[in-house]
Amino acid sequence: MTRTVTTETIDVTLGERSYPVWIGRGLLDDHARWRAAVRGRHVLVISNHTVAPLYLERVSRGLDGLKWSSFQLEDGEAHKTFANVGHALHALSQLGATRDACVIALGGGVVGDLAGFTAACWMRGIDFIQMPTTLLSMVDSSVGGKTGVNLPAGKNLVGAFHQPRAVIADIGTLDSLPEREYRAGLAEIIKGAAIGDPELFTWLELHADALHRRDEARLIQAIAAKVRYKAGVVARDETEQGERALLNLGHTFGHALETAGHYTTLLHGEGVAIGMLLAARLSERLGMSAAADTERLGALLHQVGLPTCVPAGFDARQLLALMHLDKKNTAGLLRLILWRGIGQAEIVSGVGESDVLAVLDEAIGVHTR
Ligand SMILES: NC(=O)c1ccc[n+]([C@@H]2O[C@H](COP(=O)([O-])OP(=O)(O)OC[C@H]3O[C@@H](n4cnc5c(N)ncnc54)[C@H](O)[C@@H]3O)[C@@H](O)[C@H]2O)c1
Ligand SMILES: O=C(O)C(=O)C[C@@H](O)[C@H](O)[C@H](O)COP(=O)(O)O
Ligand SMILES: [Zn+2]
């Protein structure tokens, strides 16, 4: 029996480049809905070795009459590389893709970021459609047009702003998503609330257990709320000239942790969870926020099963060096997203290294005391 679930539609408003984000169960099979976003004859579906066997066939049924092929990455953050963009571009050339071709990103944020960047590069920019299959990619990476890949030196150091034509978030795909990946997605929902939506934060506190056990109605509400929040920020500041940088709360610490862990120790959402708490502690140390807010954030992250401590084996000075490569920094100064409390994030330039190190040392010292 098929369950009937509401489909939410949220528009990302960017003039003639505006696009819908559809959230609901069974959307991959709703070919009439998403096929309209494919304008030309050629389609390259970019996916990976885990997701393609699960969902590519359902997508391919909507591609009848088109010339299409698929390019599949090996699984994992370590494969979000420039070399793989080259391979994906080669797949487009093998397909004979013309300027009206379309790339479909079928997978999590790794696939989405790489596929979007490939689309931005081919013939200086072709259409792409996001079909996110992780909670994190539904609530964050598929929306807003940040695309790119990692370099050995750091996360997302190469990329482009390139908006999709549509986002198709079929929540039925989450049925096969491992628990740890699901929780990592909750981190980016909590992040949105912590930055600028205190009511959503309180709602998440109330419904944390329901979300933890994947209650579908609550989950759709949470996904829609986060997407609505992010869509608003992106519409006001598409290319991160100001406000959009707030979406990076926890990421300067988080990206450094991911990179130092060679992209295998921590998932992106886990790095963000720990990073948000470190940013909250740093804010507290700088007299910007109260301990009670840090505690609320830590309690919510803990309640949904996210890590709240830096795992053993990290080095504070190495993390600080990696933080210096963050794209938000200017003129050699650390520029971080800190906060004044729940729902009030701020961009702070010239944060002192000694304060950052003190927070890192304290977090890492937990293992050595
Ligand atoms: N562009 C942006 O605005 C933005 C925002 C947030 C994160 N990101 C990026 O997104 C990436 C993280 O994305 P992610 O958390 O989705 O990780 P991911 O893409 O690595 O996917 C997580 C894991 O789940 C598997 N998977 C995906 N869908 C599945 C499904 N339906 N069933 C079973 N397994 C499935 C994948 O194969 C992978 O092993 C990072 O590279 C991060 O930097 C980008
Ligand atoms: O959309 C944005 O803007 C974000 O910052 C969302 C982040 O959650 C995401 O991880 C993004 O990829 C980080 O971008 P970066 O510019 O710090 O590389
Ligand atoms: Zn993120």
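Look a little higher up for the structure.
What you see is a predicted model, and the numbers here were worked out from it, not measured in a lab.

Q: Which parts of the structure should I look at to understand the sheet that holds strand β9 (residues 166-170)?
A: In a beta sheet, neighbouring strands pair by backbone hydrogen bonds and run either parallel or antiparallel. Across the sheet, which stays open at both edges, the seven strands sit in the order β1-β2-β9-β6-β5-β3-β4 with mixed pairing between neighbours. Sheet topology places β1 (8-12) and β4 (67-73) at the edges, where each strand pairs with a single neighbour. Strand after strand, the sheet turns through a mean of 15° between neighbouring axes, direction not considered. Its contacts with the sheet place helix α3 (residues 82-95) against β3 (42-48) and β4, and it is angled at close to 165° to β4. Packed onto the sheet, helix α8 (residues 216-236) meets β1, β2 (19-24) and β9 and runs at close to 10° relative to β1.

Q: Teacher, can you tell me more about the packing of helix α10 (residues 268-285) against helix α11 (residues 291-303) here?
A: In a pair of packed helices, the angle between the axes and the distance between the axes together describe the arrangement. The geometry of α10 relative to α11 is characterised by a closest axis approach of 9 Å and an angle of 170° between their N-to-C directions. The pairing of α10 with α11 is recorded here as roughly antiparallel in orientation. Residues A273, M276, L277, A280, R281 and E284 of α10 form the contact with α11, whose participating residues are A291, D293, T294, L297, G298 and L301. Of the residues in the contact of α10 with α11, the class split is seven nonpolar, two polar and three charged.

Q: Explain the packing of helix α6 (residues 179-196) against α10 to me, please; I cannot follow it from the model alone.
A: The N-to-C vectors of α6 and α10 enclose an angle of 40°; their axes lie 7 Å apart at closest approach. The orientation of α6 relative to α10 falls into the category oblique. Pair α6 / α10 crosses with left-handed handedness. Only H268, G269, E270, V272, A273 and M276 of α10 make contact with α6, whose side of the interface consists of A184, G185, A187, E188, K191 and A194.

Q: In this structure, what is going on with the site of ligand 1? I would like to understand it.
A: Taken together, 31 residues sit near ligand 1, with G108, G109, V110, T134 and S141 positioned nearest. A per-class count over the shell around ligand 1 returns eight nonpolar, 15 polar and eight charged. Residue assignment places the shell around ligand 1 across two domains, with domain 1 (8-176) and domain 2 (179-365) each supplying three or more.

Parameters and conventions
- Residues numbered from 1 in each chain as written.
- Chains lettered and ligands numbered in written order.
- Predicted model: local features only at pLDDT ≥ 70, side-chain atom pairs only at ≥ 80, totals over all residues.
- Pairing = 2+ DSSP bridges.
- Helix = DSSP H or I, 4+ residues; strand = E, 2+ residues; numbered from the N terminus.
- Axes fitted to C-alpha atoms, helices over the stretch in contact; angles between N-to-C directions.
- Contact = placed C-beta atoms within 7 Å.
- Parallel < 35°, antiparallel > 145°, perpendicular 65-115°, else oblique.
- Nonpolar A, V, L, I, M, F, W, Y, C, P; charged D, E, K, R; others polar.
- Left-handed = near helix turned anticlockwise from the far one by under 90°.
- Near = placed C-beta within 6 Å.
- Domains from an automatic or database assignment.

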